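For reference, the chains in residue letters:
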Amino acid sequence: MANGLVPDDTFYLNSVRVNEYLLKDHNINDIPLPNEDLTEIIGITIHNTDDLPEVEDSAEQYTAATINGDMKDVRVHYYVDDLGAWQNLPLNSTGWHAADGNGDGNTKTIAIETIMSSEDDPNSLKARDNAARLAAYLLYENGLDENDLYTHSYWLNVRDGIEGDRDYLNTLPNPYKTCPIYIIPNWYEFKEQVAGYIDELKSGEATARFDPYPVEVSVGTLNVRGGPGTDFPVTARINYGEKYMITDRKSSGGISWGKLDSGAGWVDLQYTQKV
């Protein structure tokens, strides 16, 4: 099932494709929206919601369901699946996601709703990886680290007056809801994953934000490689005049390499031209 939503902008944050589709600009059904400013960001709240097996782009589907009023009063900043993310709220807006009213969960954290169906199926693991990459970017940009990750359960436990350190409350099941249900069993692994991606951003190994652009092949045949460098194996070949979207850029051995949107690999950009 496709909804045909057309994003207002598409860009890459730490290699995660983000389709920006802000509810405030597409509120055709006049659904209630948060109207408070998120003036202090203390961390990222991680959620889980179930994958939709009959839908190719579940994040788009959840965005459409929100616009249609089917998500009740849930408003999150990002829905993330195995394909990428759909951004619903601007980062200066509070959200409705932590079930803590005017508590710090809703008013001081950015919400990532990770769409998964289990702890370990391939699509769910890719969705979790996208959530980790996005969380790492958001933490890095706000001068925070992996210790500033929260779970939905954390805010429920705080709301209920339960005491303990952060990760105890992050992983303690709550009678109301245990969330993110597929990530909590591997919470410390997830935190390490986020920490690794933050380190890559700090070192410059990863690109924080990239705005994609189209190129045209300017030689007869161009090798596509598995990574940004001639040491990586050839995965495909593309031909003169063909057009492709570049979604990341890295330098290796004095050569500028571009990543193809198709996922086929990387190309030497000196043999292409922008169009």
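Residues numbered from 1 in each chain as written. Predicted model: local features only at pLDDT ≥ 70, side-chain atom pairs only at ≥ 80, totals over all residues. Heavy atoms only, no water.

**Description of the side chain of Thr 49**
Item 1. Mapping Thr 49 onto the fold places it in strand E3 (residues 43-50).
Item 2. Those residues in contact with Thr 49 that lie beyond four places of it in its chain are Tyr 62, Glu 113, Thr 114, Ile 115 and Met 116. (Helix = DSSP H or I, 4+ residues; strand = E, 2+ residues; numbered from the N terminus. Contact = heavy atoms within 4.5 Å.)

**Considerations on the nonpolar core**
Item 1. Core analysis: the largest hydrophobic core is formed by 33 residues, its most contacted members being Ile 44, Ile 46, Tyr 78, Ile 112, Leu 149 and Val 194.
Item 2. Broken down by secondary-structure element, the contributors of at least two residues to this core are strand E1 (9-13), strand E2 (16-20), E3, strand E4 (78-80), strand E6 (109-116), helix H3 (122-141) and helix H6 (187-203).
Item 3. For this core, the leading source of residues is H3, giving nine residues.
Item 4. Once residues within four sequence positions are removed from consideration, Leu 149 is found in contact with Ile 44, Ile 46, Ala 135, Leu 139, Arg 166, Asn 170, Trp 187, Phe 190, Lys 191 and Val 194.
Item 5. Grouped together as the second largest cluster of nonpolar side chains are 17 residues, Leu 5, Tyr 62, Tyr 79 and Ile 115 included. (Core = buried A, V, L, I, M, F, W, Y, C linked by side-chain atoms within 4.5 Å. Buried < 20%, exposed > 50% of the residue type's maximum accessible area, 1.4 Å probe, protein only.)

**Quick word on the environment of Leu 22**
Item 1. Looking at the element boundaries, Leu 22 is found in the loop between E2 and E3.
Item 2. Relative accessible area serves as the criterion here: at 9%, Leu 22 is assigned to the buried category.

**Brief notes about helix H1 (residues 58-67)**
Item 1. Most of H1 is tucked away, with ten of its ten residues classed as buried.
Item 2. Of the residues making up H1, those classed as buried are Ser 58, Ala 59, Glu 60, Gln 61, Tyr 62, Thr 63, Ala 64, Ala 65, Thr 66 and Ile 67.
Item 3. Buried-residue contacts for H1 involve E3, E4, strand E5 (85-87) and E6.
Item 4. Phi turns positive, to about 85°, at Gly 69, one or two residues after H1.

**Details of the pattern of salt bridges**
Item 1. As enumerated under the stated definition, the model contains twelve salt bridges in all.
Item 2. For the salt bridge of Lys 108 with Asp 104, the shortest nitrogen-to-oxygen distance reads 3.7 Å. Of this pair, Lys 108 and Asp 104 both sit in helix H2 (residues 104-108), four residues apart, which is roughly one turn of the helix.
Item 3. Each of Asp 9, Arg 209 and Asp 211 takes part in salt bridges that share partners, so that together they form one network. (Salt bridge = Lys/Arg side-chain N within 4 Å of Asp/Glu carboxyl O.)

It is worth stressing that arrangement in space is one thing and function is another; only the former is reported here.
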